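Coordinates in review
Listed below are the residues making up each chain.
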Amino acid sequence: MALSAACLAAGAQAQISDDKIKIGVLTDMSGIFSDFSGRGSVEAAKMAVEKLGGKIAGKPVEVVFADHQNKPDVGLAIARKWFDTEGVDAIVDIPQTAIALAVVNLAVERNKAVLLSSAASSDLSGSKCTPNHVMWTHDSWAYTNTVGRQMVKEGGDTWFVLAADYVFGKVLTNDLTSAVNKAGGKMVGTVAHPVGTNDFSSFLLQAQSSKAKVIALGNSGADAANAVKQATEFGLTQGGKQRLAGLFMTLPDIHSLGTKLTQGMYLSTTFYWDKNDSTRAFTKQISARNKGIYPDAPQAGVYSAVLHYAKAIESEKTDAGDKVIAAMKKIPTDDPLFGPGRVREDGRKIHPVYLMQVKTPKESTGPYDVYKTVAVTPAEEAFQPLAESACPLVKK
């Protein structure tokens, strides 16, 4: 009888709760991160579910979404409601590090899954890693490592960082400083600006007077746009003495500013719409559903992560968060958008990272034809080595 009871318990555990899979897209629908997440991330999740035929492990799949308004208390309240009363099994996307950290901690308590596609602090696969979440698309270590290492190789050996004064801006600054120093370069100055700054003149004068060969922007959205516009007005990059590097510049940022203002800027990405036939096909489909707006890496990451999440559920026949995430780590990723890869024990999905340079207006053939590839960092070199990881899940 004891064996029979154990078998029954195991069978009861390995099942889909509520006989359905519910995926919540927690995103920024109207704020500073909405262009690279927002509606595009919602459509990406729906596209993945449609590709699955609307079912995972024979169970129907539902996608819901909500706007966290870039407020940690709002984001956490939505996640708690989804997990506790609305039967959501997994939350995806989550731009904004503070919200992501709060939600993954809740997911551990509730044994749910979180697939981070927009949040990019390297701490989320480092000291803040958990058995219930994965970092799917990018992170601050990978982007700063790619930009810093390659540009030092090309002679950009002195750096100045202008970063937003919040958690992610500080993480970007620290990660870039480490990357530049390891590559043999030198950080000659840093300055933090308040989020929502309109006048960057004093900060840019500091960058200019530092005589650093590379000025790195550790901000995004409207802050990045204003910094680039005013850097151009100051003539910082004229004559080639100083170059701009966007540590977290996005395709929507470049598209909005235009190549006239951003030409020559360097940045990193894990996804570009014009990389191959698969990325172009995905772009055609999702842009038709999102007012013609082309996708960036976080939206492609939502699509990719949901498909792999489905494979893990199919494998384990359960939607228990820790078991699904463990299965995602066991199954190799074979991804048409990001290329072959895997999910490491720290929850970090690895794939190549590209150093891009913004084209000149003459080189560009259309509004979204903005990047040319300068260098490719292979998957195993692009992300922080496990040997350096502070993740408690990593075996030392």
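Calculation criteria
- Counting from 1, residues in each chain are numbered in the order their sequence is written.
- Only residues with pLDDT of at least 70 get local features here, since the model is predicted, and only at 80 or more are side-chain atom pairs given and counted; chain-wide, interface and lining totals rely on the full set of residues.
- Excluded from the side-chain calculation are hydrogens and water; included are all heavy atoms of the structure.
- Throughout, disulfides are identified as pairs of cysteine sulfur atoms within 2.5 Å of each other.
- Helix and strand definitions here come from DSSP, where helices need a minimum of 4 consecutive H or I residues and strands a minimum of 2 consecutive E residues; each element is numbered from the N-terminal end.
- Note on classification: 1.4 Å probe, protein chains only; a residue is buried when its accessible area is under 20% of the maximum for its type, exposed when over 50%, partly exposed between these limits.
- Computed over the protein atoms alone on a 1 Å grid, cavities are sets of points where a 1.4 Å probe fits but cannot get out and pockets are open sets with protein on both sides within 12 Å along at least five of seven lines; a residue lines them when it has an atom within 4 Å of a point.
- Grid points are joined across faces, edges and corners, and a volume is the space filled by probe spheres set on the points.
- Lys, Arg, Asp and Glu make up the charged group, whereas Ala, Val, Leu, Ile, Met, Phe, Trp, Tyr, Cys and Pro make up the nonpolar group; the residues left over, Gly among them, are polar.
- Should any heavy atoms of two residues lie within 4.5 Å, those residues are counted as being in contact.
- Note on pairing: DSSP must find at least two bridges between two strands before they are called paired.
- Axis geometry follows a simple rule: fit a line to the C-alpha atoms, using only the stretch in contact for helices, then measure angles between N-to-C directions, giving values from 0 to 180 degrees.
- Confidence scores per residue from the predictor, reported as pLDDT, run from 0 to 100.
- Each nonpolar core is a collection of buried residues, namely Ala, Val, Leu, Ile, Met, Phe, Trp, Tyr and Cys, held together in the definition by side-chain atoms within 4.5 Å.

1. A look at the state of the cysteines
Applying the stated criterion across every chain yields a total of 1 disulfide. Put simply, cysteine 129 and cysteine 391 are joined by a disulfide, and their sulfur atoms are 2.0 Å apart. Here the disulfide of cysteine 129 and cysteine 391 is right-handed, its torsion about the S-S bond being about 85 degrees. Highlighted residues: cysteine 129 in the loop between strand 5 (113-116) and strand 6 (133-135) and cysteine 391 in the segment after helix 14 (379-382), separated in sequence by 262 residues. By relative accessible area, cysteine 391 is classed as buried at 2%.

2. Focus: the layout of surface pockets
Empty space within the largest pocket amounts to approximately 210 Å³. Secondary-structure elements contributing two or more residues to the lining of the largest pocket are helix 8 (221-234), strand 10 (243-246) and helix 10 (259-262). Residue classes in the lining of the largest pocket are distributed as 5 nonpolar, 6 polar and 2 charged.

3. Things to note about the environment of valine 370
Relative to the elements of secondary structure, valine 370 occurs in the loop between strand 15 (353-358) and strand 16 (371-377). Residues valine 370 and glycine 258, 112 residues apart in the sequence, show an inter-C-alpha distance of 8.4 Å. Excluding its chain neighbours within four sequence positions, the residues that come into contact with valine 370 are Leu251, Ile254, Thr259, Tyr272, Gln357, Val358 and Lys359.

4. With respect to the sheet that holds strand 15
One open sheet accounts for 7 strands, arranged 8-7-9-10-11-15-16; its pairing is mixed. Edge strands, defined here as strands with exactly one partner in the open sheet, are strand 8 (186-193) and strand 16. Here the average twist between neighbouring strands, direction ignored, is 25 degrees. Here strand 15 pairs with strand 16 via 6 bridges, running antiparallel. Its bridge partner lying in strand 16, methionine 356 is registered against threonine 373.

5. Focus on the confidence of the model for the chain
Model confidence for the chain is summarised by a mean pLDDT of 93, while 96% of its residues fall at 70 or above. Throughout residues 1-13 the model reports pLDDT below 50, and contacts reaching past four residues in sequence, or to other chains, amount to 2 contacts.

6. Some thoughts on the nonpolar core
The nonpolar side chains of a soluble globular protein tend to be buried, and buried together. Counting residues in hydrophobic clusters, the biggest one holds 100 residues, and the most contacted among them are Trp159, Tyr309, Met328 and Tyr371. Per-element accounting of this core gives the leading share, 11 residues, to helix 12 (residues 297-316). With 21 residues, the next largest nonpolar core counts Val64, Ile91, Ile99 and Val104 among its residues.

7. Digging into empty space enclosed by the protein
Counted under the stated rule, the structure contains 2 cavities of 30 Å³ or more. Taken as a whole, the largest cavity encloses approximately 80 Å³ of empty space. Residue lining of the largest cavity: 13 residues in total, with Tyr143, Met249, Thr250, Thr269 and Asp296 positioned closest to the centre. Residue assignment for the lining of the largest cavity shows that the elements contributing at least two residues are strand 11 (266-269) and helix 12. At 3 residues, the largest contribution of residues to the lining of the largest cavity is made by strand 11. Grouping the amino acids of the lining of the largest cavity by side-chain chemistry returns 8 nonpolar, 4 polar and 1 charged. Roughly 60 Å³ of internal volume is contained in the second largest cavity. Lining the second largest cavity are Ser122, Ser125, Gly126, Asp139, Trp141, Arg344, Asp346, Arg348, Phe383, Gln384 and Ser389.

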